Each structure stands twice: as structure tokens, then as C-alpha cells.
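As a plain string of letters, each chain reads:
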Amino acid sequence: MSTHAYRDVAIGAGLAFVAGFVDAAAFIALTGLFTAHVTGNFVLIGAELISTSTGVLAKLLALPMFVLAVAVTRLIALALERSGSPPLRPLLAFEAAVLIAFSVAGAVLSPLGSPDGAKAIGVGMLGVAAMGIQNGIGRLVIGHLAATTVMTVNVTQAVIDLTDRLCGARLGDQVRTRLRRTLSAVLAFAAGALAGAFGFATLSFWCMLVPAAILVGLLIVPEQKPAA
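To start, this report covers the structure provided alongside it. (Residues numbered from 1 in each chain as written. Predicted model: local features only at pLDDT ≥ 70, side-chain atom pairs only at ≥ 80, totals over all residues. Heavy atoms only, no water.)

Observations regarding the packing of aromatic side chains
Centre distance and the angle of the planes are the two values used to describe a pair of aromatic rings.
Argument step 1. As enumerated under the stated definition, the model contains 4 aromatic pairs in all.
Argument step 2. Their ring planes at 80 degrees and their centres at 5.8 Å tell us that Phe102 and Phe205 sit as a pair that is edge-to-face. Here Phe205 lies in the loop between α7 (173-203) and α8 (209-218) and Phe102 lies in helix α4 (residues 88-109), a separation of 103 residues in the sequence.
Argument step 3. Overall, Phe102 belongs to the buried group, its relative accessible area being 0%.
Argument step 4. A relative accessible area of 2% places Phe205 in the buried class.
Argument step 5. Aromatic side chains Phe200 and Phe205 sit 5.5 Å apart centroid to centroid with 90 degrees between the ring planes, which places their arrangement in the edge-to-face category. (Phe/Tyr/Trp six-rings, centres within 6.5 Å; stacked < 30°, edge-to-face > 60°. Helix = DSSP H or I, 4+ residues; strand = E, 2+ residues; numbered from the N terminus. Buried < 20%, exposed > 50% of the residue type's maximum accessible area, 1.4 Å probe, protein only.)

Given below as C-alpha cells:
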């Protein structure tokens with residue numbers, strides 16, 4: 001693979017691992033709150049409203065917090081682009097900072113008590129904000145890569161490409177590159193989810209420092225040079 005190909009795989013797989021880790025650990029810690037995407041929260045809101053369980057308020061607040069995080073990410077990216085600075089590294093650092101705040105707040109405030117209580121909601125919104133930033137990064141900066149927070153599209157596309165290959169179709173360079181990106185993202189997300197579940201069982205909220213450290217590590221990945 002070329003240098004750019006290795007760069008893309010490192011960023012895509014690294015961010016997918018982060019999303020899987022945070023989503024699994026936060027789901028356990030915050031009584032079923034999805035932080036990496038809002039679709040699951042919509043489903044859980046409906047289920048909990050008819051079962052009269054707790055945690056609905058946090059899931060309702062997740063959407064406006066997610067929207068706010070994406071909007072702030074967009075504003076930061078615009079400001080950086082206007083100044084001529086590549087936005088990827090500052091946005092990764094921003095996400096890492098919010099994840100560290102999520103980890104520290106969760107650890108300090110534990111036990112969080114009721115899922116609808118102020119402590120649980122405050123901590124949960126930090127996790128949602130971090131993943132909102134990552135979703136923003138995925139759309140604004142690395143849109144050419146596979147999705148890093150939701151795997152449904154990646155799995156669908158990978159199955160289509162693999163089926164074509166098994167049926168004897170010749171895969172062009174573009175398709176092979178896409179397959180490499182989607183498979184690496186899916187595998188990294190799955191590994192992250194497993195690590196997040198066991199990490200929270202072992203270290204509680206301090207485990208969130210692991211994905212934060214991965215984001216910091218991605219800061220050393222070279223910036224992609226703009227096309228001439």
C-alpha cells in the first residue's frame with residue numbers, strides 16, 4: 001500500500017476503534033445511552049416510554065447535544081480552513097479533550113445514581129458531545145473514508161463487494177480500496193466494542209482514557225497534502 005493508503009487505514013481504523021469502545025462502555029455505564037449515534041436512542045425512547053422505565057430524559061437530550069457538537073465542529077473546521085490550517089489534527093485534539101473530560105467527570109461523580117439524574121445526564125452529554133465531534137470529523141474532513149461510528153453501511157458495502165468478488169467479478173483499484181477501508185473499520189469497531197465492555201468492567205470511567213490516548217496517537221499521522 002502507498003503512504004496515503006496506510007494513512008487512511010490508520011485514521012479510519014483508529015477512529016472506528018474509538019467509536020466502538022466509547023459506545024459500548026458508555027452504553028453499559030449510562031443505562032443504555034448510545035453516544036456514537038442517535039438512531040439507537042430513538043428506538044430506546046419508544047421502548048422505554050411504553051415500559052415506564054428510566055433514562056428517557058437523557059436519550060431525549062442526546063439529540064440536541066449531538067446537533068450542538070456537530071455544529072461546533074463545523075464552525076471550528078470553517079475557521080481553520082479560512083486560516084489555511086488543516087482541520088484534522090485540531091479536531092482530533094478537541095475530541096480527545098472532551099473524552100478526557102467524560103472520563104474524569106464520570107470517575108469523580110460515580111456512582112451516578114438515577115439515569116435521569118443530573119450527574120448521569122451531565123456525564124452522558126459529554127460522551128455524546130465527543131461522538132458528535134467524531135461524526136462531524138467523518139463528514140467534514142475524512143468523508144472519503146468508511147464511516148467510523150455506524151457500521152451498517154460499511155457491512156452492507158463490504159458484503160456487496162465480497163459477493164462480487166466471489167462471483168468472479170474483477171475488482172478495480174477503487175473497489176479494492178473501498179473494501180480495505182470498510183473491512184478495517186468494521187473489524188476495528190468490533191474490537192473497540194469488546195475492549196470498551198471489558199475496559200469499563202475493569203476500570204470504570206477511567207477506561208475512557210484509552211480511546212482518548214488513541215486520538216492523541218493519531219495526531220502523529222501525517223496530514224494529507226492538498227492536490228496540486
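As for helix α3 (residues 56-82)
Argument step 1. If you check α3, its first and last C-alpha atoms are 40 Å apart, about what 27 residues at 1.5 Å a residue would give, namely 39 Å.
Argument step 2. Maximum bend of α3: about 30 degrees, positioned at Ala62, with proline Pro64 one to four residues after it.
Argument step 3. Among all positions of α3, only Val56, Ala58, Lys59, Ala62, Phe66, Ala69, Thr73, Ala77 and Leu80 are buried.
Argument step 4. Downstream of α3 by a residue or two, Gly84 has a phi angle that is positive, lying close to 85 degrees. (Expected span 1.5 Å × (residues − 1). Bend = angle between axes of the 7 residues up to and from the residue.)

Comments concerning a nonpolar patch on the surface
Argument step 1. Taken together, the side chains of Ile100, Val104, Val108, Leu109, Leu203, Trp206 and Leu209 present a nonpolar region at the surface, about 580 Å² in accessible area.
Argument step 2. In this fold, Leu209 is placed in helix α8. (Patch = residues over 30% accessible without salt bridge, like charges linked within 9 Å, V, L, I, M, F, W, Y side chains within 5 Å. Areas by Shrake-Rupley, 256 points an atom, 1.4 Å probe, with all protein chains shown as cover. Salt bridge = Lys/Arg side-chain N within 4 Å of Asp/Glu carboxyl O.)

A few points about helix α6 (residues 152-166)
Argument step 1. In a regular helix each residue adds 1.5 Å, so 15 residues correspond to 21 Å; α6 covers 21 Å between its end C-alpha atoms and thus fits that length.
Argument step 2. Buried within α6 we find Asn154, Ala158 and Asp161. Looking straight down α6, one finds its buried side chains confined to an arc of 70 degrees; they lie on one side. α6 presents Thr152, Val153 and Leu166 as exposed residues on the side facing more than 90 degrees away from its buried surface.
Argument step 3. Close packing links the buried residues of α6 with α7.
Argument step 4. Positive phi appears at Gly168, one or two residues downstream of α6, with a value of about 95 degrees. (Arc of directions from axis to C-beta. Contact = heavy atoms within 4.5 Å.)

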